[in-house]
Amino acid sequence: LSRMQHLPTLALASCFASAGFDGFEAPDRYAREFRNQILDFIVTNPPRFGVNWACAMDVAIRVANWLVAYDLIAASGIRFDDEFEGLFVASVKAHARHISANLEWSPTVRGNHYIANIVGLLFSSIYLPCDKETNMWLAFSISELISEVDYQFHEDGSNFEGSVCYHRLSAEMVTWASALIRN
């Protein structure tokens, strides 16, 4: 649950509700639930403390899910209050700093964890206000993404880890990252 992989689906419900699809509650109902879950996580999981900060990959996946869900809710026309926005941005920055300080890179073996780290930094750096730190993360993540695709994927598109599940996960992360960079 701490990866918050359910939040984009919740956010899609807000989009469908805004579009007038049958069977959905008011769009702000889904946005309020998103806000509540984010605030609950922030309050009960201080940065770099506890099990939900033990693995940089989990931190990266969580922040990417937060940001995708946030964008979907914003696309449905909903805006959050300034207090929430401030806490949200501060937490996204804490996530990025944690990932940056705990990259799961190795000179001999690295895999989907490191790709997740790169993608989490990419999402964070694109969404956060531009400054020296976020610019550094952006340049680093784009450069590393290019290197890691060459390192982790074979010419035929298969993944060096030899696992269908890891191949799917890595390919999905690279696809999302490429779409984000392209836009």
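Not measured: the values here are computed from a predicted model.

Cut-off values and rules
- Residues numbered from 1 in each chain as written.
- Predicted model: local features only at pLDDT ≥ 70, side-chain atom pairs only at ≥ 80, totals over all residues.
- Heavy atoms only, no water.
- Core = buried A, V, L, I, M, F, W, Y, C linked by side-chain atoms within 4.5 Å.
- Buried < 20%, exposed > 50% of the residue type's maximum accessible area, 1.4 Å probe, protein only.
- Helix = DSSP H or I, 4+ residues; strand = E, 2+ residues; numbered from the N terminus.
- Contact = heavy atoms within 4.5 Å.
- pLDDT = per-residue confidence, 0-100.
- Phe/Tyr/Trp six-rings, centres within 6.5 Å; stacked < 30°, edge-to-face > 60°.
- Expected span 1.5 Å × (residues − 1).
- Polar contact = N/O pair within 3.5 Å; in protein donor to acceptor, adjacent residues only side chain to side chain.

Student: Describe the nonpolar core, naming the residues involved and giving the relevant values.
Tutor: Leu7, Phe34, Trp66 and Phe88 are the most contacted members of the largest nonpolar core, which has 50 residues in total. Breaking this core down by element, the ones donating at least two residues are helix H1 (7–18), helix H2 (27–44), helix H3 (56–75), helix H4 (82–101), helix H5 (112–127), helix H6 (132–152) and helix H7 (164–182). Ranked by residue count, the leading element in this core is H3, at 12 residues. In this structure Leu7 touches Phe34, Gln37, Ile38, Asn65, Trp66 and Ala69, once residues within four positions along its chain are discounted.

Student: Lay out the confidence of the model for the protein with the relevant residues and their values.
Tutor: Scored by pLDDT, the protein has a mean of 93; 100% of the residues are at 70 or more. Mean pLDDT in the protein bottoms out at H7, which sits at 88, and peaks at H4, which reaches 98.

Student: Please set out the packing of aromatic side chains residue by residue, giving values where relevant.
Tutor: The tally for this structure, following the rule as stated, stands at 14 aromatic pairs. Between the aromatic rings of Phe16 and Phe21, the centroid separation amounts to 5.3 Å while the plane-to-plane angle is 55°, which identifies the pairing as tilted. A relative accessible area of 36% places Phe16 in the partly exposed class. Here the aromatic rings of Phe41 and Trp53 are separated by 6.5 Å at their centres, their planes lie at 45°, and the arrangement is tilted.

Student: Tell me about H4, residues and numbers included.
Tutor: The end-to-end C-alpha distance of H4 is 29 Å, a good match for the 28 Å that 20 residues give at a rise of 1.5 Å each. Here H4 has its buried residues at Phe84, Phe88, Ser91, Val92, Lys93, Ala94, His95, Ala96, His98 and Ile99. Those residues of H4 that are buried lie in contact with H2, H3, H5 and H6.

Student: How would you explain H3 if you had to name every residue and give the values?
Tutor: Taking 1.5 Å of rise per residue, the 20 residues of H3 would be expected to cover 28 Å, and the 29 Å separating its terminal C-alpha atoms lies within 8% of that figure. Within H3, 15 of the 20 residues are buried, which leaves it mostly tucked inside the rest of the structure. Of the residues trailing H3, Gly77 is marked for its positive phi of about 95°.

Student: How would you summarise the environment of Ser14 if you had to cite specific residues and measurements?
Tutor: Structurally, Ser14 can be placed in helix H1. According to the relative accessible area criterion, Ser14 is buried, its value standing at 0%. Along the primary structure Ser14 and Tyr30 are separated by 16 residues, whereas in three dimensions their C-alpha atoms are 5.4 Å apart. Sequence-distant contacts of Ser14, defined by excluding residues within four places in its chain, comprise Pro27, Tyr30, Ile73, Ser76 and Ile78. For Ser14, the side chain forms a polar contact with the side chain of Ser76, separated by 3.0 Å.

Student: Account for the side chain of Ser125, naming residues and giving values.
Tutor: Inspection of the secondary structure puts Ser125 in helix H5. Residue Ser125 is classed as buried on the basis of its relative accessible area, which comes to 6%. Among the polar contacts listed, one links the side chain of Ser125 to the backbone oxygen of Leu122, at a separation of 3.0 Å. Those residues in contact with Ser125 that lie beyond four places of it in its chain are Thr134, Trp137, Leu138 and Ser141.

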